[in-house]
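Observations on the model geometry
Spelled out from the first residue to the last, the chains are:
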Amino acid sequence: MSDRYSEIKQVQLHEIGPGGMLKEQSLFNYLQSIAGSHSRSLGYGSINILKEGLTWVISRYRLQIISLPVLFQNFSISTWRSGESGNFAIREYFITDESGRPLVKGTSSWSLINFIKGEAVKPSERFPEYPVCPERAIDDSFSSIPSIESCDYSKEFTVRRADLDANNHVNNSFYAAWMLETGVDMNEKLKPADISVTFKGEAKYGDIIISQALRDKSEGRLMHRLILKDSGRELTRGITEWH
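What comes next concerns the included structure.

Parameters and conventions
- Residues numbered from 1 in each chain as written.
- Predicted model: local features only at pLDDT ≥ 70, side-chain atom pairs only at ≥ 80, totals over all residues.
- Heavy atoms only, no water.
- Core = buried A, V, L, I, M, F, W, Y, C linked by side-chain atoms within 4.5 Å.
- Buried < 20%, exposed > 50% of the residue type's maximum accessible area, 1.4 Å probe, protein only.
- Helix = DSSP H or I, 4+ residues; strand = E, 2+ residues; numbered from the N terminus.
- Contact = heavy atoms within 4.5 Å.
- Expected span 1.5 Å × (residues − 1).
- Polar contact = N/O pair within 3.5 Å; in protein donor to acceptor, adjacent residues only side chain to side chain.

1. Digging into the nonpolar core
Of all hydrophobic cores here, the largest spans 43 residues; its most connected members are L27, Y61 and W178. Looking at which element gives the most residues to this core, the answer is helix 4 (residues 172-186), with seven residues. Apart from the residues within four sequence positions on either side, W178 is in contact with F157, V159, D163, V170, I209, S211 and L226. Listed in part, the seven residues of the second largest apolar core include Y44, L112, F127 and Y130.

Given below as structure tokens:
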């Protein structure tokens, strides 16, 4: 049983943005997809565990973007479980071009939830044979991202049906896209080089989301949060660096 899982992909027309590069939202979709493919290859896919009342919930991402692939470029994406932190499973990502040159490094934390009992399950106790490779793509301890109480810029988004996943909640890639949208507006001609995002709540169809960004003391660094307009409930926090 291999401790790593890899796939070769090619950037498609619907995945690119201005300039012909892979959109960051498409990148998050690839990360989510390969995590699922890895688990399915081991017999632990979402359909299998749903029968037991279990589901995976993403808690945190940290990405370092060296360069994003362009239209019709082939790239290799690899993922592996590197261990646990409390009740969270830690998953790594590594994306390279055809020559092996690094494009993106990533790490993430996931909680395994028993949605019938409404409680977290320790992943290693439920899946003791899930292979683990302790190497980290990014050595991140996932310290808490501070909230912001004011902002330099904000933008509103209304949740569409096209933004929803199978659970009738907004897919995590849209939260990341809404967060980055304010960064793009504030950093014209720059690209995100480092992205940290933590997911704290869920949105549903018709909700109005306010994406807020605050310039940090460090040049090119922004603090983010997403909140619901009607209640002010916090959905997402983030930190981005732009180069």
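2. Re helix 4
For helix 4, built from 15 residues, the straight-helix expectation of 21 Å at 1.5 Å per residue is met to within 8% by its first-to-last C-alpha distance of 22 Å. Of all 15 residues in helix 4, 12 are buried; the element is thus mostly enclosed. For helix 4, every residue scored as buried is listed here: N172, S173, F174, Y175, A176, A177, W178, M179, L180, T182, G183 and M186.

3. Quick word on the side chain of S26
Its location among the elements puts S26 in helix 1 (residues 24-41). For S26, a relative accessible area of 9% puts it in the buried group. Among the polar contacts made by the side chain of S26, one reaches the main-chain carbonyl oxygen of E15 at a distance of 3.1 Å.

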